[in-house]
Amino acid sequence: MDLFSRSWSALLAAVAGLSDEDFARPSGCAGWLVRDLVCHLVIDAQDVLITLATPTAEAPTRDAVTYWQVVEPPTGEDPLDALIVRLAAAYEQPGLLKFHLDDVGSAAGRAARLADPTGRVGTQGQVLTAGDYLSAYVLEWSLHHLDLIAHLPQAAPPPREGLRHARKLLEGVVGADFPASLSDRDALRIGTGRRAPTPAETTALGPLATRLPFPVG
């Protein structure tokens, strides 16, 4: 729960520090500008609020690792992806999008801090404890923080402890550990297909290299 708050707060602060020009730069998500990614984060924050407000007495069906599944790499043809691009463009002024994320994102952060980690919540037809749900989202925040700053070298990086936790989650999803020679940042980016490994990294990955990438959703 603490890692959720630290990772989310760091991501919100990174967005708050963007200039208007930064919103038109490419992000680390293929086909998305920074403004598209920030619009996606608004929807993510809404999802957190909805999920935490959806308690259930049913037994958990997923945990922080099994919440995620390896999915097909994005092609840009998904209707929701196209909708996000249109929504982001509709804001016109980056300041409006920044304000909306701060507004909804702050509410999501407060809801997370107030949540009972042992309480059960429902989302996407599955049940998790609130603690596992928020723990799972550290992977989402860490990956999208890396996406946000992919072409913004002056921006602050994600918290190191969040990256470490996100790596462990991804390794749990994959069912294998990435080599220790890879930093947490590189393991996450290479593992999810955000960049290709170098020849040396491919050698270090061994048989795991033939299974790349592992997009999660």
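Structure's up top.
Before going into details, it helps to say that this report is about the structure given with it. (Residues numbered from 1 in each chain as written. Predicted model: local features only at pLDDT ≥ 70, side-chain atom pairs only at ≥ 80, totals over all residues. Heavy atoms only, no water.)

### Regarding the pairing of strand E1 (residues 120–123)
Across the two faces of E1 the burial differs, with Val121 and Thr123 buried and Arg120 and Gly122 not buried at all. Summarising the sheet, E1 and strand E2 (residues 126–129) pair through 4 bridges and their orientation is antiparallel. By the bridge assignment for E2, arginine 120 is matched with threonine 129. Hairpin remark: E1 followed by E2, antiparallel, with 2 residues in the connecting loop; positive phi at glutamine 124, about 50 degrees. (Buried < 20%, exposed > 50% of the residue type's maximum accessible area, 1.4 Å probe, protein only. Helix = DSSP H or I, 4+ residues; strand = E, 2+ residues; numbered from the N terminus. Pairing = 2+ DSSP bridges.)

### Considerations on the packing of helix H2 (residues 34–52) against helix H5 (residues 130–148)
At their nearest, the axes of H2 and H5 sit 11 Å apart, and the two run at 175 degrees to each other. The pairing of H2 with H5 is recorded here as roughly antiparallel in orientation. Of H5, the residues touching H2 (which contributes Val34, Leu37, Val38, His40, Leu41, Asp44, Asp47, Val48, Thr51 and Leu52) are Ala130, Tyr133, Leu134, Tyr137, Glu140, Trp141, His144, Asp147 and Leu148. Looking at the contact of H2 with H5, its residues break down into 12 nonpolar, 3 polar and 4 charged. (Axes fitted to C-alpha atoms, helices over the stretch in contact; angles between N-to-C directions. Parallel < 35°, antiparallel > 145°, perpendicular 65-115°, else oblique. Contact = heavy atoms within 4.5 Å. Nonpolar A, V, L, I, M, F, W, Y, C, P; charged D, E, K, R; others polar.)

### Regarding the nonpolar core
Soluble globular proteins tend to pack their nonpolar side chains together in the buried interior. Of all hydrophobic cores here, the largest spans 64 residues; its most connected members are Phe4, Trp8, Val48, Tyr133 and Leu148. When residues of this core are traced back to their parent elements, those giving at least two are helix H1 (2–16), H2, helix H3 (79–90), helix H4 (94–114), H5, helix H6 (160–174) and helix H7 (184–191). The element best represented in this core is H5, accounting for 11 residues. In this view, tryptophan 8 contacts Leu41, Ala45, Leu101, Gly105, Ala108, Gly109 and Trp141; residues no more than four positions away in its chain are not counted. (Core = buried A, V, L, I, M, F, W, Y, C linked by side-chain atoms within 4.5 Å.)

### A look at the packing of aromatic side chains
Two aromatic rings, taken as a pair, are described by how far apart their centres are and by the angle between their planes. As enumerated under the stated definition, the model contains 7 aromatic pairs in all. With 4.0 Å between their ring centres and 25 degrees between their planes, tryptophan 8 and tryptophan 141 make a pair best called stacked. Of this pair, tryptophan 8 sits in helix H1 while tryptophan 141 sits in helix H5, placing them 133 residues apart in sequence. For the pair formed by tryptophan 8 and tryptophan 141, the shared burial category is buried. When the centroid spacing of 4.9 Å and the interplanar angle of 55 degrees are considered together, the rings of tyrosine 137 and tryptophan 141 count as tilted. (Phe/Tyr/Trp six-rings, centres within 6.5 Å; stacked < 30°, edge-to-face > 60°.)

### Remarks on the pattern of salt bridges
One pass over the structure, following the stated rule, counts 10 salt bridges. Glutamate 171 is the partner of lysine 168 in a salt bridge, and the nearest nitrogen-oxygen pair spans 3.8 Å. Linking lysine 168 with glutamate 171, this pair stays in helix H6, spanning 3 residues, or about one helical turn. On the basis of relative accessible area, lysine 168 is assigned to the exposed category, the value being 54%. Given the relative accessible area of 5%, glutamate 171 is considered buried. The partner of arginine 195 in a salt bridge is aspartate 186, with the nearest N and O atoms 3.3 Å apart. (Salt bridge = Lys/Arg side-chain N within 4 Å of Asp/Glu carboxyl O.)

### Considerations on H1
For H1, with 15 residues, the first-to-last C-alpha span of 21 Å sits near the 21 Å given by 1.5 Å per residue. Looking only at H1, the buried set comprises Phe4, Ser5, Ser7, Trp8, Leu11, Leu12, Ala14 and Val15. Lining the buried residues of H1 we find H2, H4, H5 and H6. (Expected span 1.5 Å × (residues − 1).)

### A short note on a nonpolar patch on the surface
Together, Leu80, Leu83 and Leu87 make up a nonpolar patch on the protein surface, roughly 240 Å² of accessible area in all. Note that leucine 80 resides in helix H3. (Patch = residues over 30% accessible without salt bridge, like charges linked within 9 Å, V, L, I, M, F, W, Y side chains within 5 Å. Areas by Shrake-Rupley, 256 points an atom, 1.4 Å probe, with all protein chains shown as cover.)

### As for the layout of surface pockets
As a volume, the largest pocket reaches approximately 1300 Å³. Looking at the largest pocket, it is lined by 41 residues, and the ones nearest its centre are His40, Val71, Asp81, Val216 and Gly217. In terms of residue class, the lining of the largest pocket is built from 18 nonpolar, 13 polar and 10 charged. (1 Å grid on protein atoms, 1.4 Å probe; cavity = no way out; pocket = protein on both sides within 12 Å on 5 of 7 lines; lining within 4 Å. Points joined across faces, edges and corners; volume = space filled by probe spheres on them.)

### As for H3
Here H3 contains 12 residues, and its C-alpha end-to-end distance of 17 Å stays within 8% of the 16 Å for a straight helix at 1.5 Å per residue. Within two residues after H3, glutamate 92 carries a phi angle of roughly 65 degrees, on the positive side.

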